[in-house]
Every structure is written in structure tokens, then in C-alpha cells.
Amino acid sequence: MKTTLLKSENYTRSPWKNGGGIFTDIADAHRADSTVKDWDSLLWRFASTPIVAPAPFSHMPGIDRLQMVVNGRGLVLKSPTGEFDEREPFTTVRFTGEMEIVTELEAGPVEVVNLMGRRGAVAIELEALREPGERRLSAGTHLVYAACGDCSIRLDGTDFAISHENTLKVELTGATTLALVSGLAVLGSIQIVG
């Protein structure tokens with residue numbers, strides 16, 4: 001098990017793919033054989049971003065997306081085939097990067113976290129850890145993000161304190177046990193599949 005504390009002051013900021021806003025890049029990975037780190041070489045990315053006005057999402061062919069509101073409420077994603085309801089914070093929605101989506105804000109600006117993964121190369125999951133308790137983590141990369149104040153977790157009997165908006169990156173070669181001890185966290189999990 002390898003753990004790395006990612007501090008919010010070291011996160012990078014980049015424009016959305018469509019140029020409509022700025023996201024905070026918390027952690028990502030690109031194909032090892034790529035000489036350029038860009039959208040085409042991206043394997044996965046975990047990021048946060050404010051949504052302050054109704055706008056279209058970026059077109060991201062070949063990318064699966066998971067999203068969750070962590071601050072504010074009332075977000076709805078409209079697509080030609082229906083809507084994704086994120087009105088309540090810490091609700092995960094899943095959609096493809098090819099889907100045409102426009103945001104609707106019913107109660108003002110929100111802050112969201114996104115976990116994006118290259119389809120066929122990685123499998124991704126995103127969930128809120130709100131109640132103390134244990135869960136099994138499989139081999140892969142796991143990101144524990146302190147979305148709302150400080151939180152504390154336990155990994156295989158070792159305690160980790162994570163300050164607000166910092167992230168503990170956990171790289172596992174085998175299964176282990178994670179327990180939320182206090183606070184609230186967002187857990188993003190990535191497994192290489194191809």
C-alpha cells in the first residue's frame with residue numbers, strides 16, 4: 001500500500017475542455033506511452049469545479065463520467081433523453097462524455113467533483129462516505145477527498161487525518177479495509193481494466 005497526501009495548494013487549475021469554466025485538477029493519470037498529457041492521452045481524472053450558470057458540458061468522446069455535488073444544491077443535468085437529478089448533495093450520477101448535457105441551477109451556484117475515466121481502459125466508482133464504518137477496497141487507486149471540512153479515516157489499522165479539500169491518494173496492489181472515523185469524505189476508485 002502506498003499513500004500520498006495531495007494538498008489543495010498544490011492542485012492545478014485548467015480550463016474546461018470547451019473553455020466555459022475552470023476546473024481544479026486534484027489527481028489524474030495519462031497513458032504511459034504518451035509524450036503529451038492532454039485529453040487524448042487521459043486515462044482518468046479527479047477534479048472539482050464550480051458551476052455558476054447554466055451551460056453546456058464539454059464533449060468528451062470515449063470518456064465515462066461520474067459527478068457529485070459537494071457544495072450547494074439544486075443541480076439538474078438535462079440531456080436529449082432525460083435528466084440526471086443532483087438536486088441533493090452527495091448524489092452520484094453517471095453519464096458518458098458523448099452525451100449532450102446542459103446544466104440547470106435551481107438554487108444558485110454549486111461545486112461538484114468529477115471522476116472521469118477512459119472507457120475500456122479503467123473502471124471508476126464515486127461515493128460519499130457519510131457514516132462511520134468499514135468498507136473493502138480492491139486493488140487499484142483510491143482517492144479520499146475531504147469535501148466538507150476535515151475528516152479522519154483508518155486504513156488497515158493506521159489513522160489518517162485529511163484537512164478540508166485535501167486528498168489522500170491510496171494505491172493498492174491487493175484488497176484492504178477502509179473505515180471512516182469522523183467527518184465526511186468523497187471516495188473515488190479507479191481500476192485499470194485494459
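K.L.:
Please explain the sheet that holds strand 13 (residues 140-145) as it appears in this structure.
P.N.:
Hydrogen bonds along the backbone pair up the strands of a sheet, which may run parallel or antiparallel. If you walk across this open sheet you meet the 5 strands as 1-16-13-18-11, and the pairing is antiparallel. The strands lining the two open edges of the sheet, one partner per strand, are strand 1 (2-6) and strand 11 (122-129). On average, each strand axis in the sheet is tilted by 15° relative to the strand beside it, whichever way the strands run. The pairing of strand 11 with strand 18 (residues 185-192) spans 8 bridges and is classified as antiparallel. Within strand 18, the residue paired with Val-122 across the bridge is Ile-192.

K.L.:
Even after reading the chapter, I still don't get the sheet that holds strand 15 (residues 158-162), so can you show me in this structure?
P.N.:
Taking strand neighbours across the sheet as the criterion, the 4 strands line up as 12-17-14-15 in an open arrangement whose pairing is antiparallel. One side of each edge strand has no neighbouring strand; the edge strands of this open sheet are strand 12 (133-137) and strand 15. Adjacent strand axes in the sheet meet at a mean angle of 25° when their direction is disregarded. Across 5 bridges, the pairing between strand 12 and strand 17 (residues 176-182) is antiparallel.

K.L.:
In this structure, what is going on with the side chain of Gln-67? I would like to understand it.
P.N.:
Residue placement: Gln-67 occurs in strand 5 (residues 63-71). Gln-67 gets classed as buried once you look at its relative accessible area, which sits at 1%. Within the structure, the side chain of Gln-67 is placed 2.6 Å from the side chain of Glu-86, a separation counted as a polar contact. Among all residues touching Gln-67, those that are not within four sequence positions of it are Phe-57, Leu-75, Leu-77, Glu-86, Thr-91, Thr-92, Val-93, Phe-95, Val-112, Val-113, Asn-114 and Leu-126.

K.L.:
Please explain the environment of Ile-124 as it appears in this structure.
P.N.:
Residue position: Ile-124 is located in strand 11. For the pair Ile-124 and Leu-168, spaced 44 residues apart in sequence, the C-alpha to C-alpha distance is 17 Å. Excluding residues within four positions of it along the chain, Ile-124 makes contact with Asp-64, Leu-66, Arg-94, Leu-115, Met-116, Gly-117, Ser-189 and Ile-190.

K.L.:
Would you mind showing me how to read unusual backbone geometry here?
P.N.:
Glycine aside, the phi torsion of most residues is negative, and most peptide linkages are trans. Phi is positive for Phe-90, close to 65°, though the residue is something other than glycine. One non-glycine residue, Glu-165, adopts positive backbone phi at about 70°. Of note, Glu-165 is situated in the loop between strand 15 and strand 16 (167-172). Judged by relative accessible area, Glu-165 falls into the partly exposed class, the value being 35%.

Rules used in this analysis
- Residues numbered from 1 in each chain as written.
- Predicted model: local features only at pLDDT ≥ 70, side-chain atom pairs only at ≥ 80, totals over all residues.
- Heavy atoms only, no water.
- Pairing = 2+ DSSP bridges.
- Helix = DSSP H or I, 4+ residues; strand = E, 2+ residues; numbered from the N terminus.
- Axes fitted to C-alpha atoms, helices over the stretch in contact; angles between N-to-C directions.
- Buried < 20%, exposed > 50% of the residue type's maximum accessible area, 1.4 Å probe, protein only.
- Polar contact = N/O pair within 3.5 Å; in protein donor to acceptor, adjacent residues only side chain to side chain.
- Contact = heavy atoms within 4.5 Å.

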